[in-house]
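Geometric and topological summary
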Amino acid sequence: MHEPSSGQLRYLHKQKRQRYTVLFFRTAILLVFLFLWEFTARTGIIDSFIFSSPTQIARCFWGMVLDKSIFLHLGITLYETLASFLLVTFLGVLFAVFLWMWPRFSEIVDPYLVVLNSLPKSALAPLLIVWLGANQKTIIVAGMSVAIFGSILNLYTSFTSVDPEKITLVYTLGGRRLHALTKVVLPGNVPAIISNMKVNIGLCLVGVVIGEFIGGRQGLGYLIIYGSQVFKLDWLLMSIVLLCMMAMALYAVIGAVEKLYKKRY
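Given the structure is predicted, the values throughout are model-derived calculations rather than measurements. (Residues numbered from 1 in each chain as written. Predicted model: local features only at pLDDT ≥ 70, side-chain atom pairs only at ≥ 80, totals over all residues. Heavy atoms only, no water.)

All told, the structure shown has three salt bridges when counted by the stated rule. Across the salt bridge formed by K262 and E258, the nearest N and O atoms sit 3.9 Å from each other. Remark: E258 and K262 occur in helix α12 (residues 233-264); sequence separation between them is four residues, near one turn of the helix. Looking at K262, the relative accessible area reads 57%, which means it is exposed. In this structure E258 comes out as buried when scored by relative accessible area, which is 12%. Connected via shared salt-bridge partners are K198, E258 and K262. (Salt bridge = Lys/Arg side-chain N within 4 Å of Asp/Glu carboxyl O. Helix = DSSP H or I, 4+ residues; strand = E, 2+ residues; numbered from the N terminus. Buried < 20%, exposed > 50% of the residue type's maximum accessible area, 1.4 Å probe, protein only.)

Our focus in this paragraph is the packing of helix α8 (residues 164-172) against helix α9 (residues 177-188). Two numbers describe how α8 lies on α9: the axes approach to 9 Å, and their chain directions differ by 130°. Classified by the angle between their axes, α8 and α9 sit oblique to one another. Crossing of α8 over α9 shows right-handed handedness. For the pair α8 and α9, contact is made by K166, I167, V170 and Y171 and by R177, H179, A180, V184 and V185, respectively. In terms of residue class, the contact of α8 with α9 is built from six nonpolar, one polar and two charged. (Axes fitted to C-alpha atoms, helices over the stretch in contact; angles between N-to-C directions. Parallel < 35°, antiparallel > 145°, perpendicular 65-115°, else oblique. Left-handed = near helix turned anticlockwise from the far one by under 90°. Contact = heavy atoms within 4.5 Å. Nonpolar A, V, L, I, M, F, W, Y, C, P; charged D, E, K, R; others polar.)

In short, geometric facts, not functional conclusions.
If you want it as structure tokens, here you go:
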């Protein structure tokens, strides 16, 4: 192996320094925000009863860790989010494949998918509660409803954007539409499917929280709505912080899968 040149070493050093700089400023902004929040709450500039403070939220979280109730709520929301996400991913790919295999059918249902995707999903949640009852399955369906239609439309658009010359080559070699799907369309759209998953994980989490607002008796969404009703605002803000951390962690997992795929292929 050749030793990297001085120019390459300078470039790598510059890239590393840039990553450290970005990380430093990200951390600094967060720490300054937390400090100002804590300072203004302690000095009475803001009402700590309404806005709480980082230390109050930490004490609230630790108290729920000790009685183990927070793990139940975290586990419920995580399970519902992952269940809706996996179903959306599977059904989104399945329906996109179905639409690609039968273009005439896709022309028929396309406007309906656009309308369904445009509906405010928060308006569907109460209807789902009435139809299906206030249970965990309904919350999972509510999570799916936020992402499923957009997922189908985006994946179908990606499938139809495949290089037509590759499709023609498959037909020229005696292949059929199914061969074009399995040899060209699906392999060529793995990055698009992963990108779609990165969007869907956040949308499913939003849908699950909306469902827990209305029909949940457990979960972080339930803690938020219950905390606002009884003015336990520490619960509310703690749940929002935990939701942010959960969303970041889930997004990071899919990002790691994407990096692993790019490294291997």
